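Residues per chain, in single letters:
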Amino acid sequence: GPYEFQPNITSTDQYLAESAWSVYPSPVTTEATISFEEITTAAQFQLMDLQGRVLIGKKLGKGQDHYTFTVEGLPAGTYLVCFYHDGKNGVNKIS
């Protein structure tokens, strides 16, 4: 079949710890805030729909520890909040 067992995948080093960042509130009405440990290197935030289209993208600067974005004008639904920092990434859902 098309699937193969990959026994050598033993690390989650590429993923941010859940405790390292959060997004609130959920459900979102007009604005949401992504909160994270202070950025020490370049970071990026993206809001994507479930088809993977990037609706909002923002580079975040060193020293930041949060970013607030608006969802006004977006249809009601579920979206993915992606956060990339220091070679690692994390994804949370909001609605």
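Here is a short report on the structure shown in this document. Within each chain, residue numbers correspond to sequence positions counted from 1 in written order. Two thresholds apply to this predicted model, a pLDDT of at least 70 for residue-level local features and 80 or more for giving and counting side-chain atom pairs, whereas whole-chain, interface and lining totals are computed over all residues. With hydrogens and water excluded, all non-hydrogen atoms of the structure serve as input to the side-chain values.

A word on the sheet that holds strand β5 (residues 66-70). When DSSP locates at least two bridges between a pair of strands, those strands are taken to pair. By the criteria applied, helices consist of DSSP H or I runs no shorter than four residues and strands consist of E runs no shorter than two, each listed in order from the N terminus. Strand order in this open sheet of three strands is β1-β2-β5, and the pairing throughout is antiparallel. Each of the sheet's edge strands pairs with one partner strand only, and the pair in question is β1 (21-24) and β5. For this sheet, the mean inter-axis angle between neighbouring strands, taken without regard to orientation, is 15°. Of the strand pairs in this sheet, strand β2 (residues 31-36) and β5 are connected by five bridges, and their pairing is antiparallel. Note on β5: the bridge partner recorded for Glu-31 is Thr-70. Where helices are involved, their axes are fitted lines through C-alpha atoms of the stretch in contact, as for all axes, and angles between N-to-C directions lie from 0 to 180°.

In the sheet, strand β3 (residues 43-48) pairs with strand β4 (residues 54-60) via six bridges, with the strands oriented antiparallel. Residue pairing across strands places Phe-45 opposite Lys-58, the latter belonging to β4. Here β3 folds back onto β4 in antiparallel fashion, the turn holding five residues, of which Gly-52 has a positive phi close to 90°.

The next point concerns the packing of aromatic side chains. Only rings of Phe, Tyr and Trp enter the pairing, Trp through its six-membered ring, and a pair is recorded when the two centres are within 6.5 Å. The plane angle decides the type: under 30 degrees is stacked, over 60 is edge-to-face, the rest tilted. Going through the model one piece at a time under the given rule, you end up with four aromatic pairs. Between Trp-21 and Phe-83, the aromatic rings sit 5.7 Å apart at their centres with planes inclined by 35°, giving tilted as the arrangement. With Trp-21 in strand β1 and Phe-83 in strand β6 (residues 79-85), the pair connects residues that are 62 residues apart, well separated along the chain. The burial state of Trp-21 is the same as that of Phe-83; both residues are buried. Pairing Phe-45 with Tyr-67 gives two aromatic rings, centres 5.4 Å apart and planes at 50°, and the pair type is tilted. Note that Phe-45 is positioned in strand β3 and Tyr-67 in strand β5, a separation of 22 residues in sequence. Under the scheme applied here, a residue whose accessible area is under 20% of the maximum for its type counts as buried, over 50% as exposed, and between as partly exposed, the area being computed with a 1.4 Å probe on protein chains only. Taking the relative accessible area as the measure of exposure, Phe-45 reaches 0% and is therefore buried. Residue class for Tyr-67 comes out buried when judged on its relative accessible area of 18%. Grouping aromatic residues by their ring pairs yields a cluster made of Trp-21, Phe-36 and Phe-83.

The analysis is restricted to geometry; functional conclusions fall outside its scope.
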